[in-house]
Every structure is written in C-alpha cells, then in structure tokens.
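# A look at the structure
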Amino acid sequence: MATRKNPETKSAPGANVSKDELLKYYREMLLIRRFEEKAGQLYGMGLIGGFCHLYIGQEAVVVGLEAATREGDKRITSYRDHGHMLACGMDPKGVMAELTGREGGLSRGKGGSMHMFSKEKHFYGGHGIVGAQVPLGAGLAFADKYLENGGVTFAYFGDGAANQGQIYETFNMAALWKLPVIFVIENNQYAMGTAQRRSTSTPELYTRGQAFGIPGEPVDGMDVLAVKAASEKAIAHCRSGEGPYILEVKTYRYRGHSMSDPAKYRTREEVQKIREERDAIEHVRDLLLNGGHATDDDLKAIDKEIKVIVNEAAEFSKESPEPALEELWTDIYA
Ligand SMILES: Cc1ncc(C[n+]2csc(CCOP(=O)(O)OP(=O)(O)O)c2C)c(N)n1
Ligand SMILES: [Mg+2]
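Since we're looking at a predicted model, the values are computed, not measured. Sequence positions are assigned chain by chain, starting from 1 and proceeding in written order. Following the order in which they are written, the chains are lettered starting with A and the ligands numbered starting with 1. Only residues with pLDDT of at least 70 get local features here, since the model is predicted, and only at 80 or more are side-chain atom pairs given and counted; chain-wide, interface and lining totals rely on the full set of residues.

Turning next to the overall build of the protein. Each helix corresponds to a stretch of at least 4 residues labelled H or I by DSSP, and each strand to a stretch of at least 2 residues labelled E; elements are numbered beginning at the N terminus. If you tally the helices and strands in the protein, you get 11 helices and seven strands. C-alpha atoms define the radius of gyration, and 2.2 Å times the number of residues to the power 0.38 defines the globule rule. Relative to a compact globule of 334 residues, whose C-alpha radius of gyration would be 20 Å, the protein shows 19 Å and is just as compact. Each principal axis of the C-alpha distribution contributes one length, and for the protein these read about 60 × 50 × 40 Å. Relative to its full complement of 334 residues, the protein shows a buried share of 47%. In the protein, of all internal contacts separated by at least 6 residues, the share reaching a separation of at least 24 is 78%. Residue burial here comes from a neighbour count, namely the number of other C-beta atoms, placed from the backbone, that lie within 10 Å of the residue's own C-beta, with 20 or more meaning buried, 12 or fewer meaning exposed, and in between meaning partly exposed. The contact rule is simple: place each C-beta atom from the backbone, and if two of them lie within 7 Å, those residues are in contact.

Structure representation (structure tokens):
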C-alpha cells in the first residue's frame, strides 16, 4: 500500500468517523468517478453529443456536503452536474441515458448533460448559463422560509461565476431576508481556460459576503470529512434562522473544462501532482486501510460493485430508444 503525502489534509486519520461512514463516502465518491470515466468513454464513441462537463477530481465536495443534509433539503447547480445528481441519490441509469439522449433519461432524452431535474430528490438542475442558478437557489430558499418547513438550499457555483454581478444581488437579498441558503463556491481554480489568478482581484472567495454580513469559510475540498464538518456548521447556521452562509470549497478538476478542451492553460505536471498528492478518494482509501477498517480485498469488492452499477447504466443508456417524434411537442410552453 502506497503512503500518500497529503500535508494539507486537516482531518485527523479516522478521528470520530465510523467505518460505515468512511465506506459510504468511499462508495459514493467512487461511483461518481467511475460514472464520469464511463461518460467520457461514451462521449469518445460518439454516443453522447453536445456539451459534457465531467466532475472528476471534485467528488469529495458533493459527497461531503450531502452527508450532512436531511430529507427535504434542496440543491441547484451549474452544467457540471452529474456528481450532484448521483450524490443526492438520482438513478445512474436515468442520468446516463439522458447523456445519450434516450427516452429512459431523466428528461426523457431532451435535456442532455446540463438539463436534468428531480422533484423527488429536490434537485433543481442543471443550468447552462453561468451563475443563473444562484438567484434561483435563493428563490428556493425563500419558498422554504415562507413555508416554514426548515429546509435548506445548497446553491453551487464556480470560481468563475463568483465574479458575476447577479451573485451579489442575490447575496444582498438573501442576507436581507435571512434566507436559509448555503452558497457553495466550488473553487476548482479555473473558469473554462482562465486561471483564478488571472481573473480575480480578491481570491479569498469565502470573504465575498462580508459587504452583506454573510459569514463564510474556506474548506479543503479534497478532504470529505472536512467538507462534511463544514456542511454541518453551515446547515446549523441556516436552520437556526440566521440567514445565508458561504462555503468556498477548494477543489480541482482533473479533466478539461468540457470534452472539447485542449487544456493549454495548465501543465500535465500540475494535474499529475494533485492526483498523486491530494486525491480525495485515495485519502479515504488510506483512512480505511490504515485505520484497519477494510482490507485491500474489501475495497476491491466495492470497486467491483461500482463497476457493475456503472456498466448497467451504460448498457441501459445504449439500449433505451431515442425519444419518439411526438416528444417534440411535450414539456413546452405554448
Ligand atoms: C453567462 C455565461 N457566460 C459565459 C458562458 C460560457 N462559460 C461556460 S462555463 C464558463 C466558466 C465558468 O467557470 P466556473 O464558474 O469556475 O465553473 P467550472 O466550469 O470551473 O465548474 C464560461 C465562461 C456561459 N455558459 N454563460
Ligand atoms: Mg471553476
């Protein structure tokens, strides 16, 4: 077993974490990674068309945040949405078949990668316009506050989106009305091809709510336990009626911005270094093995289980028929 160098990881190995919890996070993160790898393959085979933004590298963000939620909490995100859907329990078959544009997809093959929803899982998309989901997220939180149902909304956006005007209009209203919304800034260091240092005057994005009186904190997004702890704190703040909270979750994407990215803005070495030293799945794997919670064979069995789930999703996404022509006339405003 290789010993990893992960000097920035703050959570003490195995501290206050049960074996079952660690195994759960391992499974969930691995599902996202393998699902995304498969989506990348299907894209390469021409089975997925249009835009497709993979979440590989960022898995600990959604898995850690979701770990602290309860039934009824809501989530809304950008186009980089496959991981969010899997983490809140949406069916991998339905997600994959949507990617291939088939009838069995969650939007019956008409939405594709960036446009899926689930009322059942309180997942509100899937939005292709950068930042557009943030005011919508505040709207969801407004509804929860109005209905007094104790729900909390996670509104996710990227480091690039964090420089948009509509974010700050939303911050103002969310603070004014003390809305139960957690603004999650997934800082993967790049907006499409622009490094944060080239685009952003004040890179400490967690401080961006100061002008509105919204507290925020930075979180190590490669450490699922640190993310979960931050999520618990933010949720407690929101549920107690104190208004919005900002989490800047520092993460990294391993693949290109989308499938058509020549990735000239960073070196292979940079990506390789983070994969080797900071990978979130390897981190939990180490905690499991070093803590004596699992053996190599146990983890191999989980890898196998996940492979089966992902292969079944891929098969389904190829076998499901294309939507019928009549579908052109459904789900539209007239
Ligand atoms: C309003 C708008 N402007 C530009 C684009 C093109 N665009 C798509 S993604 C993106 C970068 C966003 O980066 P970031 O917010 O960091 O999210 P990430 O892709 O890193 O998850 C841009 C400029 C868009 N979709 N919508
Ligand atoms: Mg980004």
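On to the site of ligand 1, then. The local shell around ligand 1 holds 15 residues, among which Val130, Gly158, Gly160, Ala161 and Ala191 are the closest. Those elements that provide at least two residues to the shell around ligand 1 are strand 2 (153–158) and strand 4 (190–191). Here the residues of the shell around ligand 1 are counted per class, giving seven nonpolar, six polar and two charged. The criterion for a residue being near a molecule or strand is a backbone-placed C-beta atom within 6 Å of that molecule or strand. The nonpolar class holds Ala, Val, Leu, Ile, Met, Phe, Trp, Tyr, Cys and Pro. Asp, Glu, Lys and Arg form the charged class, and all remaining residues, Gly among them, are polar.

With that out of the way, let us pick up the UniProt feature "domain: Dehydrogenase E1 component" (unreviewed entry) in the protein. UniProt records the feature "domain: Dehydrogenase E1 component" (unreviewed entry) for residues 28–325 in the present numbering. Taken end to end, residues 28–325 has its terminal C-alpha atoms 36 Å apart, with 44% of it in helix and 10% in strand. UniProt positions are given in the numbering used here, feature names are shortened, and annotations may be inferred rather than shown by experiment.

Take the packing of helix 1 (residues 19–44) against helix 2 (residues 59–66) next. For helices, the axis comes from a line fit to the C-alpha atoms of the stretch in contact; other axes are also lines fit to C-alpha atoms, and the angle between any two N-to-C directions lies between 0 and 180 degrees. For the pair helix 1 and helix 2, interaxial distance at closest approach is 9 Å and the crossing angle is 140°. By the angle class used here, helix 1 and helix 2 are oblique. Judged by the twist between their axes, the crossing of helix 1 over helix 2 is right-handed. Here Tyr25, Glu28, Met29, Ile32 and Arg33 of helix 1 come into contact with helix 2, specifically with Glu59, Ala60 and Val63. When grouped by side-chain class, the residues that make up the contact of helix 1 with helix 2 number five nonpolar, no polar and three charged. Should an angle fall under 35 degrees it is taken as roughly parallel, and over 145 as roughly antiparallel, whereas 65 to 115 is taken as roughly perpendicular and any remaining angle as oblique. Crossing chirality is assigned from the near helix's rotation relative to the far helix, an anticlockwise turn below a right angle marking it left-handed and a clockwise turn marking it right-handed.

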